[in-house]
Amino acid sequence: MSNKSDRIIIKNGLIFDPLLKIKGEKKDILIEKGIIVEKFSSNNNIKEINAENKTVIPAAIDIHTHIASQQINWVRLLGKENKEFQKNWEGLTLRYIARNYISNGYTFITEANVYPSLSKQTIFNFINLPVLDKAMLLNLGNFWPLEFEFEKGKIDEISYFLSDLLSKCKGFGIKAYNPFEGEIWNLNTLRENIKEKGKLYNFTAIDVYKHLIYSIEKLDLPHSIHCHIEGYEHIEAKDNLNILLEELAKIKIDRIDSSRFKREQICHLAHANSLNMDGDNTDLIKFLNNNKNVDLDLAFIGFDEINPIITSDRRFITNYKDSSGKFNKIIINSNESEGDSYTGFRKFSKSNYNDCILWSNSIDLALNIKNKWQVQFSLNFPHYSHVNKIPKIASWLLSKEARKIFMEDMDNKYLKISSIFNNDNVLDFNDYIIITRASPAKSLGLTKYKGNLDVGTDADINILDIDITKIDSNRDFKSIEKAFENIEYVIKNGNIVKKGDKIFLGYEGKIFWAEGKIYSQEDKLRVVSKKSEFYQKYYSYFYNMLENNVNKDFLKKII
Amino acid sequence: MEMILNTIRLIDYDQNKEWIHNDIESMEDNLAIGFINPMDFKEMYLVPSLKLRISNKYGDIIIKFKQGKDIPRGIILMPISMWSNQLSYVENKNIIYKNIKVQVEGTRDSPTKLIELINRIKKK
Amino acid sequence: MINKKFLIKKNTEFKKMSDQIKITCSGCSLLCDDIIIIKHEKDIEKILGTCLKGKEKFNQIISKNRILNPLIRKNNSLEKINWDIALDKAVQMINNSIKPVLYGLSNISCEAQLNAIKIARKINGFIDSNSTICQGQVLNFASKIGITTMTLTDIINKSDVIILWGVNVVESIPRLLSKILFSRGKFRITGREIKSLIIVDIYKTASFNVLGTRDLALIIKPDNDIELIRFLKKYCREEYKIPAGGNSGIDKQDLERLISILLNSEHISILTGQALIKPQGEGHPMKELLELIKILNKYKKIGRVSLMMVGGHYNMVGFEHIALAETGKNQSIQFRNGKSVQTEETIISKLQNQDFDLSIIVGTDPISHFPAAISKNLSSKPMILIDNKKSGTYLIADLILPTAITGIECEGLAFRLDHVPIKLKKIIDPPNNILSDAKLLENILMKLE
Ligand code: SF4
């Protein structure tokens, strides 16, 4: 291991910490027992890192990724003889994922799609995923044990059961994915929009979103609901998005309080760049500029050689054609009636109009949503981009020059309508730190631990070998790219996990989980016992089987 | 007579079960066994006291047999075991456990002993 | 000595509720989690709810063929040794080897599988599981063609048709049909009445006994599955006449019924076994079956068709998942310089070509499972066996390291046949303080480091 010191001092670095409103101030950072401290308890064994003329920022946080679920194994299986996949993703093993995330400055990731029945697999992978802290979102889109409660809008019951489910599975939050799309088993049958009433169930998808939001807020979970919008990458998603936004505007839950450290949103939209496939994001931008209670992540397209498809969206997969055109090589897996997962491969291309729209929507939204705290940077890894494309992506956001050069050989039809090409707007460095670090921490409800350098938070830090205050990022984007390509130090809980080009994987990360605030244990027990009966009646296993007994050294409970 | 051998899993003739609970003798009793159709039995002029010698180019064994009317003509079924695996083989990296061509004939010799099978395998 | 109190006594009265524990059976890949154990002090007094095969599993605790001490073979006979010597000997054998192979691994927990993979990585060995000659082959075809699969809860609640193709589940996974066929589901509320069963096999297996009048029994000519599948593929895509003589030994009337069921049912679950893995003629029936499912799902106006491979060992699927996450491959993994490298080899070709100089066999009995020619090769090189009971392989191995029975004497994670992870519990202490597979492999790994 590279670091055996008990204490670290990072001297004279230029700090960017948007949550603490520090923009390029010279300051020392003191680390003891993995935490940032004001004063050392002793002066023995202090390691000094000289950060003179270097930029010091909180480590990055991924709010939406796919790295530890059964579905990733289907990717690995499909790709095991695929030369391009092996070359560019090296089999996507857990160690490969950890190595690449660390190398790009990350210390926390959120696995965004786990079916409760398969959560044991995610936990098993989490324990074997070195260094990174992690959390998982349970996909409850088709969660049929709550059918009755969704129909009747029984918020108390839903919240009690969610809380128990989260504590059994060691989940962190809730993902809502195409609610009850799975009620129709035929793979070619698609519903018009999320307002359509169910055929087997007596409610609509929008009811499910709504009831889940109220339940999650009742529990005051660290993260809000995490919504996937049905039909993403297709024009139908726009409709569905608007239906949801309309409904959200009606929900009167006010989270906006005096502390800027607390999340304000009641709904998070996943990879929002994939929702307006006509390339027109004005309505969405307007909505966000007027409503603080919604935020979103933007999954940037990295135009990799090949990208795994990781989805549960039926419209997406029904319209998907692989390169052979004849038979789509996909793995379709139905998971204990909790929903389908679809896995395959594709390649994004700059000469494909739709791919260009997907790419430019991210940039459009990042630039034009006024409050950057409503925006989080993601890649929907590995669905839209590899993490090693981040330095490039940063340059598109920070420099119009870089963007222009990259866009030159893009699809003509797209360039004709592009609002980006002649847009001179850019993010400043502080904005970039917001969307990649501070804002994801806030949206996930983790500012007490992550996303800033306040005293008492985890010492998760990046040091960039660049003095950002002396750089014209627009023109000098190459040097920024370089600084992000080889982050000089990545520190996780006070351990140096990357120094220069050396990465140290010999540390363990923690699994963050939450069960929320419970008002009556008695009521909770009553609900859980009723639901256990549902499992006994219809499931292939008993409800208690969901219990994940994880060694408590691996766990960190947030609320 | 030429027949087709299929090796299968049977709950009552299970090698795992034999290895767990019983001794070599009961193993020989329960695993050195085959099942054939009564018509084949007649055609081969068998009597119940006879045993079957089954062979192909990979090996040969002697086993007891029982008749079962559900077994199609020309087919002999055996539980998967060290006995049946004297006749299975490998083709393009696949182990062939099913539909193996074998020669079957009646014999007065007693069934192949486990120890003999082990001795055939052992060659340090 | 083995404590005879482990014996399961008959007619024991129910003890007070607190003595009852609900546990999961690891007798086969179904991992039934509804087994009740009645404990008396530290012993198991009664087991309720298992099938015969499951009962066998629990009886292993007191089996006289249980291995309880490390053993080493000297002059053709086995000698007891202590654990320190045994582990040193294992490490010495491993260090003396340049081309070690590890094999088996489907009757141990995921934690143990992970440690075995770590050992293989450490010693630059070749590692493979029983799955290579079984379930794993379906996944290999799936990786080339794609697949539509489902899990047990889907079959229970949705399936109106269950097809057993070349698999005799009544004898291999005894309680499977009571779970999926003789059960009521949310959308199959009348249970068996509304679920049809189709069995395709070359002879009338024990599973045929559960067929009712609405069901369909299809006896197919040996090695003709591929013919039938090809016929169905063609029929589904274009107007095609059913020949008067039927196909592959199945008559016209039955074929018509089969086709109508395939096209018009709402949720068809196909369960297959070993029978379709072997190549038939020039083709692979499993590959063609996956293609048929694709075509059906493409053209079907209602419902869907999915496939599940039925493997026997309780954690065969686990190895695939652990290996994929760890190495990017599901089986037949060759390590070089600590990295997994592309290889065309499988355990079979390795043994066939004698391309190994040590075998480490974990929780399986290849000497009984493999064709004699392969077993001969296996026995010609040094062998370490890690297992809890005697077997054909036990009679050959040079060093034998006993372990506890997972799901009874130690806990662990396993994957059910439908890829759903299930936790196995510890109920009683192992005899002689023997370690779990996971712990033993971890100790070996640590000694190697
Ligand atoms: S079916 Fe399998 S898991 Fe269930 S009780 Fe029988 S042996 Fe055990």
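Colleague: Tell me about the overall build of chain B, residues and numbers included.
Modeller: What chain B contains, in helices and strands, is four helices and eight strands. Element order for chain B, N to C, with α for helix and β for strand: β-α-α-β-α-β-β-β-β-β-β-α. Taken against the 2.2 N^0.38 rule, which gives 14 Å for 124 residues, the C-alpha radius of gyration of chain B at 14 Å falls within 12% of a compact globule. Its C-alpha atoms give chain B principal-axis dimensions of about 40 × 35 × 25 Å. Partitioning the intrachain contacts of chain B with sequence separation of at least 6 by distance along the chain shows that 77% fall at a separation of at least 24. Carbon and sulfur atoms make up 49% of the accessible area of chain B, which totals about 5,600 Å². In chain B, 19 side chains carry a positive charge and 16 a negative one; their mean positions are 3 Å apart.

Colleague: With reference to specific residues and values, describe the side chain of Asp14 of chain B.
Modeller: Residues and elements named next belong to chain B. Its place among the elements puts Asp14 in the loop between β1 (2-8) and α1 (15-21). Despite its burial, Asp14 pairs with no opposite charge; the closest candidate is Arg9, at 4.5 Å N-O. Within the structure, the side chain of Asp14 is placed 3.0 Å from the backbone nitrogen of Lys17, a separation counted as a polar contact.

Colleague: Give me the packing of helix α8 (residues 225-237) of chain C against helix α9 (residues 252-264) of chain C: which residues, what numbers.
Modeller: Residues and elements named next belong to chain C. Contact geometry for α8 and α9: axes closest at 12 Å, N-to-C directions at 60°. By the criterion of interaxial angle, the relationship of α8 to α9 is oblique. For the element pair α8 and α9, the recorded crossing hand is right-handed. Taken together, the residues of α9 that come into contact with α8 (itself represented by Leu228, Phe231, Leu232, Tyr235 and Cys236) are Leu255, Leu258, Ile259, Leu262 and Leu263. In terms of residue class, the contact of α8 with α9 is built from 10 nonpolar, no polar and no charged.

Colleague: Tell me about the interface of chain C and chain B, residues and numbers included.
Modeller: Contact with chain C, which involves 53 residues of that partner, is made by 40 residues of chain B. Across the chain C to chain B interface the summed buried area is about 4,100 Å²; carbon plus sulfur atoms make up 59%. Across the chain C-chain B interface, the total number found is one salt bridge. Here chain C is connected to chain B by 15 residue pairs in polar contact (both at pLDDT 80 or more). Of all elements in the fold, only α1 (52-59), α6 (169-172), α12 (347-352), α13 (366-369) and α14 (372-379) of chain C reach the threshold of two or more residues within the side of chain C that touches chain B. Counting residues per element, the side of chain C that touches chain B draws most heavily on α14 of chain C, at six residues. Considering only residue class, the side of chain C that touches chain B consists of 18 nonpolar, 20 polar and 15 charged.

Colleague: Give a detailed account of the domain arrangement of chain A, specifying residues and quantitative values.
Modeller: Residues and elements named next belong to chain A. Each assigned domain of chain A is listed with its residue range as follows: domain 1 (7-58 + 458-503) and domain 2 (60-443). The C-alpha centroid of domain 2 is placed 30 Å from the C-alpha centroid of domain 1. In this complex, domain 1 contributes 30 residues to the contact, which on the side of domain 2 involves 30 residues. Both faces considered, domain 1 and domain 2 share a buried interface measuring about 2,700 Å² in area, 68% of it formed by carbon and sulfur atoms. Contact with domain 2 buries area across many residues of domain 1, yet Pro18, Leu19 and Phe484 alone supply 25% of it, more than any other trio. Linking domain 1 with domain 2 are two salt bridges. A salt bridge links Lys492 to Asp133, with the shortest nitrogen-to-oxygen separation between them at 3.1 Å. In this structure, the connection of domain 1 to domain 2 is made through 10 residue pairs in polar contact (both at pLDDT 80 or more). Mapped onto the side of domain 1 that touches domain 2, the elements with two or more residues apiece are β2 (22-32), β5 (55-58), β17 (461-464), α16 (477-485), β18 (489-492) and β19 (495-499).

Colleague: So, the site of the ligand: which residues are in play, and what are the values?
Modeller: Close to the ligand lie Cys25, Gly27, Cys28, Leu30, Leu31, Cys32, Thr50, Cys51, Lys53, Gly54, Pro174 and Arg175 of chain C, which account for all nearby residues. Residue composition of the shell around the ligand, grouped by class: seven nonpolar, three polar and two charged.

Colleague: Give me a positive patch on the surface: which residues, what numbers.
Modeller: Together, Arg95 and Arg99 of chain A together with Lys118 and Lys339 of chain C line one region of the surface with positive charge. Structurally, the position occupied by Arg95 of chain A is in helix α3 (residues 94-103).

Colleague: Talk me through the arrangement of the chains; I want residue IDs and the actual numbers.
Modeller: Across the two pairs of chains in contact, the largest number of contacts is found between chains A and C. Note that chain A does not reach chain B: the shortest distance linking a C-alpha of one to a C-alpha of the other is 18 Å.

Colleague: Can you tell me about the packing of aromatic side chains, naming the residues and giving the values?
Modeller: Applying the stated rule across the entire model yields 39 aromatic pairs over all chains. Seen in terms of ring centroids, Phe41 of chain B and Phe65 of chain B are 5.8 Å apart; in terms of plane orientation they differ by 50°. Their pairing is tilted. Of the two residues, Phe41 of chain B sits in helix α3 (residues 38-43) while Phe65 of chain B sits in strand β4 (residues 59-67), which places them 24 residues apart along the sequence. Comparing Phe41 of chain B with Phe65 of chain B shows no difference in burial state: the two are buried. Aromatic ring contacts, followed pair by pair, group Phe143, Trp144, Phe161, Phe534, Tyr535, Tyr538, Tyr539, Tyr541 and Tyr543 of chain A into a single cluster. Here the guanidinium or amino end of Lys404 of chain A rests over the ring plane of Phe421 of chain A, the centre of that ring lying 5.9 Å away. Positioned above the aromatic ring of Tyr353 of chain A is the side chain of Lys413 of chain A, whose terminal nitrogen or guanidinium carbon lies 4.1 Å from the ring centre.

Colleague: I'd like a description of the pairing of strand β3 (residues 51-56) of chain B, backed by residues and values.
Modeller: Residues and elements named next belong to chain B. In this structure, β3 lies alongside strand β8 (residues 100-107), joined through five bridges in antiparallel fashion. Residue pairing for β8: Leu52 is matched across the bridge by Gly106. Where β3 and β4 come together, five bridges link them in antiparallel fashion. Note on β4: the bridge partner recorded for Ile54 is Ile61. Between β3 and β4, which pair antiparallel in sequence order, lie two residues.

Colleague: Tell me about the nonpolar core, and please be specific about residues and values.
Modeller: Ranked by size, the top nonpolar core spans 237 residues in total, and within it Leu165, Leu269, Trp359, Phe377 and Leu397 of chain A together with Leu289 of chain C carry the most contacts. Beyond its immediate stretch of four places on either side in the chain, Leu397 of chain A contacts Phe300, Ile363, Ala366, Leu367, Phe377, Arg403, Val426, Leu427, Tyr432 and Ile435 of chain A. Counting 54 residues, the second largest nonpolar core, distinct from the first, contains Met44, Met78 and Ile118 of chain B together with Ile347 of chain C.

Colleague: Give a description of the pairing of strand β17 (residues 383-387) of chain C that names residues and reports values.
Modeller: All names here are of chain C. Taken across its five residues, β17 has five buried, putting it largely inside the fold. Because side chains alternate across β17, one face comprises the buried residues Met383, Leu385 and Asp387, and the other comprises Ile384 and Ile386, equally buried. Pairing analysis gives four bridges linking strand β16 (residues 358-362) to β17, with the strands arranged parallel. Paired with Val362 across the bridge in β17 is Ile386. Where β17 lies against strand β18 (residues 399-402), four bridges are found, and the strand directions are parallel. Directly across from Asp387, in β18, lies its bridge partner Pro402.

Colleague: Outline unusual backbone geometry, supporting the account with residue identities and numerical values.
Modeller: Most peptide bonds take the trans form, and the phi angle of most residues other than glycine is negative. Residue and element names in this part refer to chain A. Omega for the peptide link from Phe381 to Pro382 comes to -5°, which places this bond in the cis form. With respect to the helices, strands and loops of the structure, Pro382 is situated in the loop between β16 (375-378) and α12 (390-398). The phi dihedral of Asn380 falls on the positive side, at around 50°, and the residue is not glycine. Among the structural elements, Asn380 can be located in the loop between β16 and α12. Assessed through its relative accessible area of 1%, Asn380 is described here as buried.

Colleague: Could you give me a rundown of the sheet that holds strand β10 (residues 196-201) of chain C, with the residues and numbers involved?
Modeller: Residues and elements named next belong to chain C. Strands sit in the order β11-β10-β9-β12-β13 across an open sheet of five strands; the sheet is parallel. The open sheet has two edge strands, β11 (216-219) and β13 (304-309), and neither has a second partner. The average angle at which neighbouring strand axes cross in this sheet is 15°, direction not considered. Across five bridges, the pairing between strand β9 (residues 161-165) and β10 is parallel. Residue pairing for β10: Ile163 is matched across the bridge by Ile198.

Colleague: Please set out the packing of helix α7 (residues 205-219) of chain A against helix α8 (residues 236-250) of chain A residue by residue, giving values where relevant.
Modeller: Residue and element names in this part refer to chain A. Two elements in contact, α7 and α8, have axes separated by 11 Å at closest approach and are oriented at 40°. As judged from the angle between their axes, α7 and α8 are oblique. Considering only the axes of α7 and α8, their crossing is right-handed. On α8, the residues touching Ile206, Tyr209, Lys210 and Ile213 of α7 are Ile243, Leu244, Glu247 and Leu248. For the contact of α7 with α8, the per-class residue count stands at six nonpolar, no polar and two charged.

Reading the values: rules and limits
Residues numbered from 1 in each chain as written. Chains lettered and ligands numbered in written order. Predicted model: local features only at pLDDT ≥ 70, side-chain atom pairs only at ≥ 80, totals over all residues. Heavy atoms only, no water. Helix = DSSP H or I, 4+ residues; strand = E, 2+ residues; numbered from the N terminus. Rg over C-alpha atoms; globule rule 2.2 N^0.38 Å. Contact = heavy atoms within 4.5 Å. Areas by Shrake-Rupley, 256 points an atom, 1.4 Å probe, with all protein chains shown as cover. Lys, Arg positive; Asp, Glu negative; His and termini not counted. Charge placed at Lys NZ, Arg CZ, Asp CG, Glu CD. Buried < 20%, exposed > 50% of the residue type's maximum accessible area, 1.4 Å probe, protein only. Salt bridge = Lys/Arg side-chain N within 4 Å of Asp/Glu carboxyl O. Polar contact = N/O pair within 3.5 Å; in protein donor to acceptor, adjacent residues only side chain to side chain. Axes fitted to C-alpha atoms, helices over the stretch in contact; angles between N-to-C directions. Parallel < 35°, antiparallel > 145°, perpendicular 65-115°, else oblique. Left-handed = near helix turned anticlockwise from the far one by under 90°. Nonpolar A, V, L, I, M, F, W, Y, C, P; charged D, E, K, R; others polar. Buried area = accessible area lost by both parts, 1.4 Å probe. Domains from an automatic or database assignment. Near = heavy atom within 4 Å. Patch = residues over 30% accessible without salt bridge, like charges linked within 9 Å, V, L, I, M, F, W, Y side chains within 5 Å. Phe/Tyr/Trp six-rings, centres within 6.5 Å; stacked < 30°, edge-to-face > 60°. Lys NZ or Arg CZ within 6 Å of the ring centre and 35° of its normal. Pairing = 2+ DSSP bridges. Core = buried A, V, L, I, M, F, W, Y, C linked by side-chain atoms within 4.5 Å.

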